[in-house]
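Coordinate inspection notes
Take a look at the letters that make up each chain.
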Amino acid sequence: MEEASKKRVFSGIQPTGGFTLGNYLGALKNWKNIQDEYECVYSVVDLHALTVRNDPATLRRQIREACAMLLALGIDPHKSILFVQSHVSAHAELSWLLSCYTQFGELSRMTQFKDKSQKHPDNINAGLFTYPVLMAADILLYDTDVVPVGADQKQHVELTRDVAIRFNGLYGDTFRVPEPLFTRVAARVMSLQDPAAKMSKSDPNENARIMLSDSSEAIVRKIKRAVTDSGSEVCRGEGKQGVENLMSIYGGVTGRSFEEIEEEFRGRGYGDFKAAVADAVVAELQPLQQEYQRILSDRGYLDGVLKEGSERASSIARKVLSRAQKRIGINIFR
Ligand code: ATP
Ligand code: LTN
């Protein structure tokens, strides 16, 4: 009984390219922390990953790696549903329906579409354009109350709300209208080489990002080389975005506030500070990496979790899809 009264969470992450510290602090750490408070449904969104070209064998491997990493960082399949998006066909089905209730103009305004089509002018496919519609289908299929995402996904969650409200307005209450949920600290981790850009797994400069699978040496090296300014004081302020980014990483890992960090490093300079940031990040990631290797090597366990996850996800999603189809007037035998 108590289970049914919990609010439902849905969130997704793409399996390609491994996870960055930005993914972890902006989204994934929070996924783990909210599992007791909410009924959580988490998906490795492999259909979304198809908007860029992938080698099939690599993609297959990366899907398992992404799932193993989610389990390693504390997603508990006894508490939450973990599944792979393409294993539940209702996502693609609802996506088509919703695309007929989403305007070309709305999709043209999505900043992620504009960014990505500028970066890959040779492959601006229709999937890249309708990507937010598939994301809306992901969310609406689970009668989701809350969507935990990094700040960069705010616009997509707003579009999901708009489409749900529009559909409900036409056909009566069909979809629950979701709210976004952002993490307090480190909602937006920036590139270590350009603090004006977000830390991204697709950045061609490897030194700009920390991957969850990076060795301790690589983490120390990348943080040491992170762009700061010519000053020496550990604080926020004009022209200090690089330092502020490291402070927010340190805060995201240790739970300390900006004020506490300023106090801790008063009069100590960037060298000391960067060493402390690197130590804290390494201490957070090392146990996670060991667990990841253990889970990845146990294929039977991993595939079992995903099979069960897709069955549980499907049974929720089918009902919502069927509800939407009936409202529209299709699938007449159901
Ligand atoms: P890319 O950078 O190649 O676009 P990505 O790193 O954003 O990919 P996604 O799968 O799109 O990866 O994002 C997964 C989750 O991580 C989303 O909730 C997103 O908001 C969050 N996220 C991604 N990058 C950051 C970042 N730099 N800071 C905080 N959160 C982030
Ligand atoms: N578009 C998101 C990933 C994503 C997602 C979702 C997040 C796909 N479907 C549903 C939350 C809910 C991204 O690029 N980070």
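Scroll up for the structure.
A few points on the structure. (Residues numbered from 1 in each chain as written. Chains lettered and ligands numbered in written order. Predicted model: local features only at pLDDT ≥ 70, side-chain atom pairs only at ≥ 80, totals over all residues. Heavy atoms only, no water.)

**Things to note about the pattern of salt bridges**
Considering all chains together, one arrives at 20 salt bridges under this definition. In this structure, Arg 161 and Glu 179 form a salt bridge, with 3.5 Å as the shortest nitrogen-oxygen distance. In this pair, Arg 161 is assigned in helix H8 (residues 154-171) and Glu 179 in strand S5 (residues 179-181), connecting sequence segments 18 residues apart. A relative accessible area of 23% places Arg 161 in the partly exposed class. Note on Glu 179: relative accessible area 43%, which makes it partly exposed. A salt bridge links Arg 256 to Glu 264, with the shortest nitrogen-to-oxygen separation between them at 2.6 Å. (Salt bridge = Lys/Arg side-chain N within 4 Å of Asp/Glu carboxyl O. Helix = DSSP H or I, 4+ residues; strand = E, 2+ residues; numbered from the N terminus. Buried < 20%, exposed > 50% of the residue type's maximum accessible area, 1.4 Å probe, protein only.)

**What to know about the layout of surface pockets**
Of the pockets and cavities examined, the largest pocket occupies roughly 1,300 Å³. Along its surface, the largest pocket is lined by 45 residues, and Gln 112, Lys 116, Asp 152, Gln 153 and Lys 198 are the ones closest to its centre. Listing elements by their share of the lining of the largest pocket, those giving two or more residues are strand S1 (8-13), helix H2 (21-33), helix H6 (111-119), helix H7 (126-140) and strand S4 (146-148). Among the residues forming the lining of the largest pocket, the class breakdown is 18 nonpolar, 18 polar and nine charged. (1 Å grid on protein atoms, 1.4 Å probe; cavity = no way out; pocket = protein on both sides within 12 Å on 5 of 7 lines; lining within 4 Å. Points joined across faces, edges and corners; volume = space filled by probe spheres on them. Nonpolar A, V, L, I, M, F, W, Y, C, P; charged D, E, K, R; others polar.)

**Concerning the site of ligand 1**
Taken together, 19 residues are adjacent to ligand 1, and Asp 152, Val 189, Lys 198, Ser 200 and Ser 202 come closest. Contact between ligand 1 and Asn 23: an oxygen atom at 3.1 Å from a side-chain N or O atom of the residue. Met 199 places a main-chain nitrogen or oxygen 3.0 Å from a nitrogen atom of ligand 1. Coverage of ligand 1 by the protein amounts to 94% of the 600 Å² it exposes when considered alone. Judged by the proximity of its atoms to the pocket grid, ligand 1 belongs to the largest pocket. When residues in the shell around ligand 1 are grouped by element, the largest group, four residues, is from H2. Residue composition of the shell around ligand 1, grouped by class: six nonpolar, eight polar and five charged. (Near = heavy atom within 4 Å. Polar contact = N/O pair within 3.5 Å; in protein donor to acceptor, adjacent residues only side chain to side chain. Areas by Shrake-Rupley, 256 points an atom, 1.4 Å probe, with all protein chains shown as cover. Sits in = over half its atoms within 2 Å of the grid points.)

**Observations concerning the site of ligand 2**
All residues in the neighbourhood of ligand 2 are listed as Phe 10, Ser 11, Gly 12, Val 45, His 48, Tyr 131, Met 135, Asp 138, Ile 139, Val 147, Val 149 and Gln 153. Contacts to ligand 2 include Gln 153, whose side-chain N or O atom sits 3.1 Å from a nitrogen atom. Summarising the interface, the protein chains cover 89% of the accessible area of ligand 2, which totals 370 Å² for the free molecule. For ligand 2, the cavity whose grid points lie within 2 Å of the majority of its atoms is the largest pocket. Elements with a contribution of two residues or more to the shell around ligand 2: S1 and H7. For the shell around ligand 2, the element with the highest residue contribution is H7, accounting for four residues. Classifying every residue of the shell around ligand 2 by side-chain character gives seven nonpolar, four polar and one charged.

**Let's talk about the packing of H2 against helix H10 (residues 241-254)**
Orientation of H2 relative to H10, taken along the N-to-C sense of each, is 45°, at an axis distance of 11 Å. Judged on the interaxial angle alone, H10 and H2 are oblique. Read as a crossing pair, H2 and H10 show a hand that is left-handed. Residues Leu 21, Leu 25 and Lys 29 of H2 form the contact with H10, whose participating residues are Ile 249, Gly 252 and Val 253. Looking at side-chain class alone, the contact of H2 with H10 contains four nonpolar, one polar and one charged residues. (Axes fitted to C-alpha atoms, helices over the stretch in contact; angles between N-to-C directions. Parallel < 35°, antiparallel > 145°, perpendicular 65-115°, else oblique. Left-handed = near helix turned anticlockwise from the far one by under 90°. Contact = heavy atoms within 4.5 Å.)

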